[in-house]
Amino acid sequence: MANLLKIALRNLLRYRRRTLLTTSLIAIGVIFVLLFVAVTGSFKNLMIAQTTDSMLGHLQLHKRGYVASIENLPLNLNLSGEALNRVEELLTRQPEVEAFSSRLKFGAMFSTFVETTNIRLNGIDPQRELATVPLLKGRLLAGDPELTPGRIWVPELLARGMGIKPGDAVVVVATNQDGSVNGRQLTVGGILESATGPGGRDGYLHIDDAAAILRLPQREISEIAVRLHDFNRLPALAAALEEKLAPYTTPRERPLYELHTWERLSPFYNIARMIEVMTFFVKLMLIAIVLVSIMNVMIMAVYERIREIGTMAAIGTPPGRILTLFMLEGFSLGVAGAAVGSLLGLLLIKLLNLAEITYDFGRQQGLVLQAEIAGGELLLISLIVISGAVLASLQPALKASRLDPIKALHHV
């Protein structure tokens, strides 16, 4: 095999210009794919971080049926008592979990004593919430970054429409689980940018205020948001938690808990999927470039060396060795193109980061582009190129191995 590889490399060097052009074409394809994957991956990671770190968390735990009714924010599907303690103890024991935050969500009427509208409220423990979704404080457009009892963060939509500013007094009125109505006067502590678009109506208040408004006889929460140390461990942790929570059921033998990762809760997941689909088709284009380039070179090599192939066959070279020889030539072209393209691609990604290109995303301005390519992605692209080169060499190599020696020797 080593001798065949030497012969294959020598044959490629016999046609240096053609070999150089083919290798360059493959390398250029690899470079563009690497740049595309690195840049789009940067935007994708930013979108995921904006969604998970400012609002959702990496995953959420609820009582079964809550997410299906989440538009109504049902109070009868809250977690409490032993069911709540069990989940919190389980999360505390998980080494992958960096932080988790219990939330009490409910719908209410929001009044400035002049105007009244509806609002969705999230009762939170500020310290735990900011550890779980650290970008939440960055959404604060004005006001006090400390959410203390007696204060409320109002969504920008309501603040702009009702002329509210920090320090104003407002009233929140909510219907309790027993159907009674209770209200509480609060002070606007801050104006919060919506993370779900201009129609967002989610406000935040201290969880103690939320429990007081709802007159809860014991501690209850609507959901638990979880943040991981390593985001890439999310699928494994979600599967492990589901397995550990599966034995706990309702009196009707149905699962008591339900777990949702951010993908199942956020519409931005569809955008992330679109980026992945685009990346897939770009890789297909790379495969097409490799196939066409290598096949063209190998077909020309077989055509120009018919008499040489006939001589090899006439002196007793087995068809399998002739097949292997031509496939090694295609393999060598693929390896050379993948190696050169990978090195130049990584260099260009490094230069791109050094250029510190800035862009705006929503209200965040001056974000610096940080393109990066994972080692596994780089290896996958290289394997695609090499596999495509070998595959493209197969048909010309088969043709060469099946040539009749007598006809080949008489070929002009």
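Just above sits the structure.
Here the structure is a predicted model, which means the values were calculated and not measured. (Residues numbered from 1 in each chain as written. Predicted model: local features only at pLDDT ≥ 70, side-chain atom pairs only at ≥ 80, totals over all residues. Heavy atoms only, no water.)

Caption draft 1: Local environment of the nonpolar core. Core analysis: the largest hydrophobic core is formed by 52 residues, its most contacted members being L91, F106, F110, I152, V172 and I224. By residue number, the principal contributor to this core is strand β3 (residues 97-111), which donates 6 residues. When residues no more than four places from it in sequence are discounted, the contact partners of F110 are E115, T116, T117, I119, I152, V154, L158, M162, I164, V170, V171 and V172. Counting 37 residues, the second-largest nonpolar core is a separate cluster that includes M327, A338, A371 and I381. (Core = buried A, V, L, I, M, F, W, Y, C linked by side-chain atoms within 4.5 Å. Buried < 20%, exposed > 50% of the residue type's maximum accessible area, 1.4 Å probe, protein only. Helix = DSSP H or I, 4+ residues; strand = E, 2+ residues; numbered from the N terminus. Contact = heavy atoms within 4.5 Å.)

Caption draft 2: Structural view of the packing of aromatic side chains. The tally for this structure, following the rule as stated, stands at 2 aromatic pairs. Centroid distance Y248 to Y257: 6.4 Å. Interplanar angle 85°. Geometry classified as edge-to-face. Here Y257 falls in the buried class, since its relative accessible area comes to 7%. Measuring from ring centre to ring centre gives 5.6 Å for F280 and F281, while their planes differ by 75°; the resulting arrangement is edge-to-face. Look at F280 and you get partly exposed, because its relative accessible area is 47%. According to the relative accessible area criterion, F281 is partly exposed, its value standing at 48%. The ring of F100 has R128 sitting right over it, with the charged end atom 4.9 Å from the ring centre. (Phe/Tyr/Trp six-rings, centres within 6.5 Å; stacked < 30°, edge-to-face > 60°. Lys NZ or Arg CZ within 6 Å of the ring centre and 35° of its normal.)

Caption draft 3: Focus on a nonpolar patch on the surface. A cluster of nonpolar residues, V340, L344, L347, L348, L351 and L354, forms a patch on the protein surface that exposes about 510 Å² of accessible area. Its place among the elements puts L354 in helix α10 (residues 319-354). (Patch = residues over 30% accessible without salt bridge, like charges linked within 9 Å, V, L, I, M, F, W, Y side chains within 5 Å. Areas by Shrake-Rupley, 256 points an atom, 1.4 Å probe, with all protein chains shown as cover. Salt bridge = Lys/Arg side-chain N within 4 Å of Asp/Glu carboxyl O.)

Geometric descriptors of this kind do not, in isolation, establish any biological role.
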